[in-house]
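# Architecture at a glance
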Amino acid sequence: MEQSIESYIKNLVRETIGHTLGQLQLQSERRIYVIANWKMNKTLAETAEFLQKINSSNNVSVVVCPPTQLLYPAHLFIKQSGKPVGLGAQNVHWADKGAYTGETSISMLQDVGCEYVIIGHSERRQYSGENDQLVNMKVAQSLKAGLTPIICIGETLEQKNAQKTEQVLTKQLFGALKDIDSGDFILAYEPVWAIGTGQSATAELAQETHSYIRSVLKQIVGQKAESISILYGGSANESNAAEYRAMPDIDGVLVGGASLQAHSFDGIINVFAKGEQNS
Ligand code: 13P
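Residues numbered from 1 in each chain as written. Predicted model: local features only at pLDDT ≥ 70, side-chain atom pairs only at ≥ 80, totals over all residues. Heavy atoms only, no water.

### Topic: the overall build of the protein
Selection rule: Helix and strand assignments follow DSSP, with helices taken as H or I runs no shorter than four residues and strands as E runs no shorter than two, numbered in order from the N terminus. Relative accessible area decides the class of each residue, using a 1.4 Å probe on protein chains only: under 20% of the type maximum gives buried, over 50% gives exposed, and in between gives partly exposed. By the convention used here, residues are in contact when the closest approach between their heavy atoms is within 4.5 Å. Each accessible area value is a Shrake-Rupley result obtained with a 1.4 Å probe; residue values ignore everything except the protein chains displayed when judging cover.
Counting its secondary structure elements, the protein contains 12 helices and 8 strands. Within the protein, the fraction of its 279 residues that count as buried is 51%. For the protein, restricting intrachain contacts to residue pairs at least 6 apart in sequence, the fraction spanning at least 24 positions comes to 73%. If you sum the accessible surface of the protein, you get close to 13,700 Å²; carbon and sulfur atoms cover 50% of it.

Below, the structure written as structure tokens:
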């Protein structure tokens, strides 16, 4: 009964005041993430030290993605610390098992405590031939197994200069989500030109692009697009985090360089934890 009164009021609000309040309500239902992508960095000792030092927050989902060989120790360190920190991998193979030298399966990741996996990072698209079809297979299998994919999309500088950003993102989104209409995933908009360059996208540009991404998502998954977290990645740091946090379609950040030191990563967590996003 309470449920139906709530949805009746939400619908009434949407209908009477042009969706605005209803929209705000939907935004506040989105989870906010601050995710560390360590890429090919860190030793065992550094991992232990980092996980001991960082703070967590109840307002924000904090996730750390170490290189594969550090996943299990990281899982143990997190457990020991009692902090609500999630664990993610930086890549996964789509097959259950078999003759795939050097690869790691979804069940292997889950076996060592992973709940998340980054899929389609531009560095893997660039160096390891990860294309939209592979991304789609990995996303589909991960969702089936209950491992949450963090799907990365983003345009190169060349594509941006040729004004092809929307075209590229649309293709990547439709490719990654082909035949997928259920399951929880996270999206990360990572403009390639902003990654590791210190040339972060302005919060206004990121917001505009995230809003476009959400409109394409709507075409693919319908109204559920409103509840999907879209993170920004690309030279995000302690100093620019507040600007991203203030934007209605930016639901957190995926951080490379600034996630390597506990104090700077903590700084970003604090910014996002400071209160309700989008307020
Ligand atoms: P930087 O934060 O170092 O630009 O890296 C972003 C990134 O690639 C996260 O996945």
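### Looking at the environment of Val 221
Along the chain, the position of Val 221 falls in helix α10 (residues 203-221). Distance from Val 221 to Leu 177, taken between C-alpha atoms, is 8.9 Å for residues 44 residues apart in sequence.

### Observations regarding the site of the ligand
Rules: We call a residue near a given molecule or strand whenever any one of its heavy atoms falls within 4 Å of it. The definition of a polar contact used here is a pair of N or O atoms within 3.5 Å, where within protein one atom must be able to donate a hydrogen and the other to accept one, and adjacent residues in sequence count solely through side-chain atom pairs.
For the ligand, the set of nearby residues contains 13 residues, the closest of which are Lys 39, His 121, Gly 196, Ser 235 and Gly 257. At a separation of 3.0 Å, an oxygen atom of the ligand approaches a polar side-chain atom of Asn 37. In this structure, an oxygen atom belonging to the ligand sits 2.8 Å away from a side-chain N or O atom of His 121. When isolated, the ligand has an accessible area of 310 Å², and the protein chains bury 95% of it.

### Some points on the confidence of the model for the protein
Counted only if it meets this: Residue-level confidence of the predictor is summarised by pLDDT, bounded by 0 at the bottom and 100 at the top.
The share of residues in the protein with pLDDT of 70 or more is 88%, and the mean pLDDT across the chain is 90. Contacts of residues 1-25 to residues separated by more than four positions or lying in other chains number 9 contacts, the stretch itself having pLDDT below 50.

### What about the side chain of Ser 105?
Tracing the chain through its elements places Ser 105 in the loop between β3 (85-89) and α5 (106-111). The exposure class assigned to Ser 105 is buried, which follows from its relative accessible area of 4%. Polar side-chain contacts of Ser 105 include one of 3.5 Å to the backbone oxygen of Asp 96.

### Quick notes on unusual backbone geometry
With a phi angle near 95°, Lys 42 is a residue other than glycine that sits in the positive phi range. Counting through the fold element by element, Lys 42 comes out in the loop between β1 (33-37) and α3 (44-53). Its identity as a non-glycine residue notwithstanding, Asp 179 has a phi of 60°, on the positive side. Tracing the sequence through the fold places Asp 179 in the loop between α9 (165-176) and β6 (186-189). In this structure Asp 179 comes out as exposed when scored by relative accessible area, which is 70%.

### Brief notes about helix α7 (residues 132-145)
Side chains that are three or four residues apart share a direction in an α-helix, a result of its 3.6 residues per turn. The following threshold applies: Take the residue count of a helix, subtract one, and multiply by 1.5 Å to get its expected span.
Taking 1.5 Å as the rise per residue, α7 with 14 residues should run 20 Å; its terminal C-alpha atoms sit 20 Å apart, in good agreement. Within α7 the residues assigned to the buried category are Asp 132, Val 135, Asn 136, Lys 138, Val 139, Ser 142 and Leu 143. On its buried face, α7 sits against α5, β4 (116-119), α6 (122-127), β5 (148-153) and α9.

### Observations concerning α10
Its 19 residues give α10 an end-to-end C-alpha distance of 26 Å, which sits within 8% of 27 Å, the value for a rise of 1.5 Å per residue. If you check which residues of α10 are buried, you get Ala 203, Ala 206, Gln 207, Thr 209, His 210, Ile 213, Arg 214, Val 216, Leu 217, Ile 220 and Val 221. Packing partners of the buried residues in α10 comprise β5, α9, β6, β7 (230-233) and α11 (241-245). Positioned one or two residues after α10, Gly 222 has a phi angle of 75°, which is positive.

### Describing the pattern of salt bridges
Selection criterion: Only one rule defines a salt bridge in this text: a Lys or Arg side-chain nitrogen within 4 Å of an Asp or Glu carboxyl oxygen.
Following the criterion strictly, the structure yields 13 salt bridges and no others. In this structure, Arg 30 and Asp 249 form a salt bridge, with 3.9 Å as the shortest nitrogen-oxygen distance. Linking Arg 30 in the loop between α2 (20-28) and β1 with Asp 249 in the loop between α11 and β8 (252-255), this pair joins segments that are 219 residues apart in sequence. Each member of the pair, Arg 30 together with Asp 249, is buried. Among the salt bridges present, the one from Asp 132 reaches Arg 125, with a minimum N-O distance of 2.8 Å. Neither Asp 132 nor Arg 125 differs from the other in exposure class; each is buried. Through salt bridges with shared partners, a single ionic network connects Arg 30, Arg 214, Lys 218, Glu 226, Asp 249 and Asp 251.

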